[in-house]
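# Examining the three-dimensional arrangement
Here is what each chain is made of, one letter per residue.
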Amino acid sequence: RRSTPPPSSLAPREVYYPAGCPSRLQLDFTPTMCSTTTTPRRSPRLAKTAPTSNVAQIHAAAKGTYGPTGRRPLVSEDCGYLRTFLVMVYSHLCVGMLCINVIFDLVVYGLPAYLFLYPFHKGLFRRYMTALTNYTTPIVFNLPMILSGTKLHCDSMDYYENKVKAANSLMLANHGSRIDWMIGMYVGYIEKPVRVRVGFVCERVIKYMPFIGWYRNFICEDVFVDRSFKIDKINISENLNSFHDTDVERMLYLSPEGVVVDFGERDMQYMQACRDFCTEYGMEPFDYVLTPRYKGQTILVEHVAKGGTITSICTAFVRDGKLLNCEMWSPDRVIADIYTLCAGLGGSPVHIYINLEEMYFDKDSDIKTIMMKDYQRKDALLKKWHGMLKEGRLEEFESMFPPFVPHFWNAQIIQILHGVQLYLLLNYFDCVSGFMNFFGGFVLFIGVSHTCGWLMNGQSMESVPFETGIKAVLMKLFTTFAKHKEDKKRMKAKAEAEAAKKAD
């Protein structure tokens, strides 16, 4: 038997997942860092000592969570049919209005500038787009967050206002929900002391997603990455250097975990792989977070090379005094998405609590160790908060997080102005009634797409519009293809065995 060094001296192996592996199946459309991933190489000794019961726990939790129908409730367990119907109608309307407003801003304000200004003066184009995004941002979070009762709190307000917003900043957040990008836009929009442009590090597939994806690509020029670090490091550097050359500052927001895991078979495998990685690295397995990917940070650190801050963000999502992003295998874990936020209007709103911790590293630092220690801190912090909430110490917990000043009236004014502008444009072309018919059909299509995705996947996964439906179809196709491939392999092995038997 091959001898194996003790866990503390094991060097985890960095690999890229080829097609068909878990991280490529779970397409996560949330803005995240998705260029590389880590997977442990399990040794014979660790195979005996490392805990393997968590997969069974996760599997049991999945059954308990999804209930007899095999699906999560659209709103909540105790929500009746009428209330569920009304909340879902409101949610579909919110998504529909979000899409229409984004289309309006993209076509009327963004596209002409992209065609006639960007090729000739990138600096002027980006300053114009910074002003445009500052104007249009409230329409993104107004309906799902402000009108639905969601509030954001932060334990380091002075640090955020005086250091994070002073120059370029790199924000590294845990991936506790599907709407982390909305949090980034909300906190970046806060006027005190100044509003900042917010960019994201996203999977390349995002730029092809209808409406919001197109907007983030053409208007916001986000950083889009593939699965190959060799290619990604070039794309990331070009994006960062281009913004440095035009002297346009921004807050870059990303989640180093790269993926959100649900309760599927491959999700379980990925959770367990992360836990095994921690064991081989000499740490206790993480319960509340996944292991971070670190190679991208070696390039992204160039964003603050000329001045700025790197900030670790730990977010907690709380509803009715319960932590939603609790232990990975817990049946109580809820991965908040747009529909989770919208449901606050008809029930209990989600409150988001943010912890900030300044980080210090450059491209020559041991970023792997720094990131692992930071995620160890985040895991311990979430465990501590969860314990406080389970003990009923909600008031003590809330006292640690002063609330952000809400953008209520400002957001309502911007929302109304968008409506007036859209009406004037439609009235000028005498197509108001035609638009109303289109919008009704559009909202119906959103509802059908989301419901079909929910029926296929067992839960809502709406980080951006249409994701639940699109992801459901992609996962179904992949599962069918994988099953067909496995059947062919089994038949081939059977044929070879029979041929060998005949030869004998």
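Scroll up a little and you will see the structure.
In this text the structure is predicted, and so the values were computed from the model without any measurement.

This next bit is on the overall build of the protein. If you tally the helices and strands in the protein, you get 18 helices and ten strands. Here the protein, with 504 residues, has 56% of them falling under the buried criterion. For the protein, long-range pairs separated by at least 24 residues make up 80% of all intrachain contacts whose partners lie at least 6 apart in sequence.

On to the packing of aromatic side chains. Summed over the entire model, instances satisfying the criterion amount to 25 aromatic pairs. Ring geometry for Tyr-114 and Phe-125: centres 6.1 Å apart, planes at 65 degrees, overall edge-to-face. Highlighted residues: Tyr-114 in helix H4 (residues 81–116) and Phe-125 in helix H5 (residues 122–136), separated in sequence by eleven residues. The exposure class assigned to Tyr-114 is partly exposed, which follows from its relative accessible area of 26%. Assessed through its relative accessible area of 0%, Phe-125 is described here as buried. Residues Phe-435 and Phe-438 carry aromatic rings whose centres are separated by 6.4 Å and whose planes lie at 45 degrees to one another, so their mutual orientation is tilted. Here Phe-435 pairs with Phe-438, and both are found in helix H17 (residues 432–457), just three residues apart, close to one helical turn. You can call Phe-435 buried: its relative accessible area is 17%. Pairwise contacts between aromatic rings join Phe-211, Trp-214, Phe-435, Phe-438, Phe-439, Phe-442, Phe-445 and Phe-466 into one cluster. In this arrangement the basic side chain of Arg-126 is found over the ring face of Phe-243, its NZ or CZ atom lying 4.2 Å from the centre.

Considering the arrangement of structural elements, one finds Asp-379 in helix H14 (residues 367–390). Notably, Asp-379 is buried but unbridged: the nearest opposite-charge side chain belongs to Lys-383, and the N-O separation is 6.8 Å. Among the polar contacts made by the side chain of Asp-379, one reaches the main-chain amide nitrogen of Asp-287 at a distance of 2.9 Å. If we skip the residues at most four places from it in the chain, Asp-379 touches Pro-285, Phe-286, Asp-287, Tyr-288 and Val-289.

A word on the side chain of His-303. Relative to the assigned elements, His-303 resides in the loop between helix H12 (295–300) and strand S8 (309–319). Residue classification places His-303 among the buried positions, given a relative accessible area of 3%. Within the structure, the side chain of His-303 is placed 3.0 Å from the backbone oxygen of Arg-250, a separation counted as a polar contact. Excluding residues that lie within four positions of it along the chain, His-303 makes contacts with Asn-168, Ser-169, Leu-170, Leu-240, His-244, Arg-250 and Leu-252.

Within the secondary structure, Gln-459 is located in the loop between H17 and helix H18 (467–503). Look at Gln-459 and you get buried, because its relative accessible area is 6%. Separated by 197 residues in the primary sequence, Gln-459 and Asp-262 have C-alpha atoms spaced 9.3 Å apart. Within the structure, the side chain of Gln-459 is placed 3.0 Å from the side chain of Asp-262, a separation counted as a polar contact.

In this structure, Leu-152, Trp-181, Met-182, Val-187, Ile-354 and Phe-404 are the most contacted members of the largest nonpolar core, which totals 81 residues. A total of twelve residues in this core trace back to one element, the largest contributor, which is H4. Those residues in contact with Val-187, other than ones at most four positions away along the chain, are Leu-152, Tyr-160, Lys-165, Ile-354 and Phe-404. If you look at the next biggest cluster of nonpolar residues, it comprises 42 residues, including Ile-299, Val-304, Leu-382 and Phe-401.

Compared with an ideal rise of 1.5 Å per residue, which puts 37 residues at 54 Å, H18 spans 53 Å between its outermost C-alpha atoms and is within 8% of the ideal. Among the residues of H18, Glu-467, Thr-468, Gly-469, Lys-471, Ala-472 and Met-475 are the ones counted as buried.

Procedures and definitions
Residues numbered from 1 in each chain as written. Predicted model: local features only at pLDDT ≥ 70, side-chain atom pairs only at ≥ 80, totals over all residues. Heavy atoms only, no water. Helix = DSSP H or I, 4+ residues; strand = E, 2+ residues; numbered from the N terminus. Buried < 20%, exposed > 50% of the residue type's maximum accessible area, 1.4 Å probe, protein only. Contact = heavy atoms within 4.5 Å. Phe/Tyr/Trp six-rings, centres within 6.5 Å; stacked < 30°, edge-to-face > 60°. Lys NZ or Arg CZ within 6 Å of the ring centre and 35° of its normal. Lys, Arg positive; Asp, Glu negative; His and termini not counted. Salt bridge = Lys/Arg side-chain N within 4 Å of Asp/Glu carboxyl O. Polar contact = N/O pair within 3.5 Å; in protein donor to acceptor, adjacent residues only side chain to side chain. Core = buried A, V, L, I, M, F, W, Y, C linked by side-chain atoms within 4.5 Å. Expected span 1.5 Å × (residues − 1).

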